[in-house]
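Descriptive analysis of the structure
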Amino acid sequence: MIVRQAANALQILEFFAERQRPANAAEIADAMGWPRSSTFKLVGTLAGMGYLYEPLPRGGHYPSPRWLELAEKVSQADPLPAELGPLIRDVMQESGETVAISAPAGVHAMFVAVAESRQPVRYFARVGDRVPIHASSAGRALLAQMSAEERQALYRRIDFTDYSATTPMTPGRIEDDLAEAEARGWHQSNAEYTPDLAGVALPLAYPDRRLSIVVVGPVSRCLDRRAETAALLQRHVKALPAR
């Protein structure tokens, strides 16, 4: 369930990130398709709390440095391991496909770092994007790090939506997939959630957190190369500093 007021506040930040210049409330309302009255109230609230300011008189609002200050504090308190940034960039350059680090977010896997492919036809992904934890190779590489009891509790919360013909629809099927992945040495997917995408993922073993790394691209390029991609991924992960 999405709380609309909270979502709108965050969408304003995304709006400015794309626009990269000030805007007044009327411009925001028109761009977002929102009622002007509620947009004026939301802009006024954010400005009153110090999250928007006016760089020039009557020149419109823009996000204040307060966003950056808070983001830096949050990041410093729970940083990703420093070696993961170079890891995903190196894997992206060698594989040619989009690479992401995922972490558990309830019944989803959330991308917490992304190196997007430079190919014209590619998987477009952003930090903060989520995929079902059971219907993605990235997610199952996280499930594999949980105890059987944790997984069973999570299965009770999952809405087993039939996204495609390959979507796993029962806890038993997911457990079978996890067992097959353990024997194979990597997790893989084929259009289980997003059509025409194939992925390969590995767990990343850290003592204090659960993370996975996934390589994702179009089925036409990636499906038949999953074993090759897995070998590439295993080589890079094995070269990481001892954890």
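Residues numbered from 1 in each chain as written. Predicted model: local features only at pLDDT ≥ 70, side-chain atom pairs only at ≥ 80, totals over all residues. Heavy atoms only, no water.

This part takes up the UniProt feature "domain: HTH iclR-type" (unreviewed entry) in the protein. In this numbering, the UniProt entry assigns the feature "domain: HTH iclR-type" (unreviewed entry) to residues 3–65. Taken end to end, residues 3–65 is 59% helix and 6% strand, and its first and last C-alpha atoms sit 25 Å apart. (UniProt positions renumbered as here; feature names shortened; annotations may be inferred. Helix = DSSP H or I, 4+ residues; strand = E, 2+ residues; numbered from the N terminus.)

What follows is about the UniProt feature "domain: IclR-ED" (unreviewed entry) in the protein. Here the UniProt-annotated "domain: IclR-ED" (unreviewed entry) positions come out as residues 66–243. Summarising residues 66–243: 39% helix, 24% strand, and an end-to-end C-alpha distance of 34 Å.

Ordered in space as β5-β4-β3-β8-β7-β6, the six strands form an open sheet in which the pairing is antiparallel. The open sheet has two edge strands with one neighbour each: β5 (130–132) and β6 (187–190). Sheet twist, expressed as the average angle between the axes of neighbouring strands with direction ignored, equals 30°. Of the strands in this sheet, β3 (98–105), β4 (108–115), β7 (197–206) and β8 (209–218) touch helix α5 (residues 84–95), which is tilted by about 135° from β3. (Pairing = 2+ DSSP bridges. Axes fitted to C-alpha atoms, helices over the stretch in contact; angles between N-to-C directions. Contact = heavy atoms within 4.5 Å.)

Here the focus is the nonpolar core. Considering soluble globular proteins, one finds that nonpolar side chains tend to be buried as a cluster. Ile101, Leu204 and Ile213 are the most contacted members of the largest nonpolar core, which totals 23 residues. Element by element, the count of residues in this core is highest for α5, at five residues. By size, the runner-up hydrophobic cluster in this structure holds 22 residues, among which are Ala100, Ala138, Ile174 and Val214. (Core = buried A, V, L, I, M, F, W, Y, C linked by side-chain atoms within 4.5 Å. Buried < 20%, exposed > 50% of the residue type's maximum accessible area, 1.4 Å probe, protein only.)

With that settled, the discussion passes to the packing of aromatic side chains. The final tally for this structure, using the stated rule, is five aromatic pairs. Pairing Phe111 with Tyr123 gives two aromatic rings, centres 6.3 Å apart and planes at 80°, and the pair type is edge-to-face. Residue Phe111 is located in strand β4, and its partner Tyr123 is located in the loop between β4 and β5; the two are separated by 12 residues in the primary sequence. Overall, the relative accessible area of 12% leaves Tyr123 in the buried class. (Phe/Tyr/Trp six-rings, centres within 6.5 Å; stacked < 30°, edge-to-face > 60°.)

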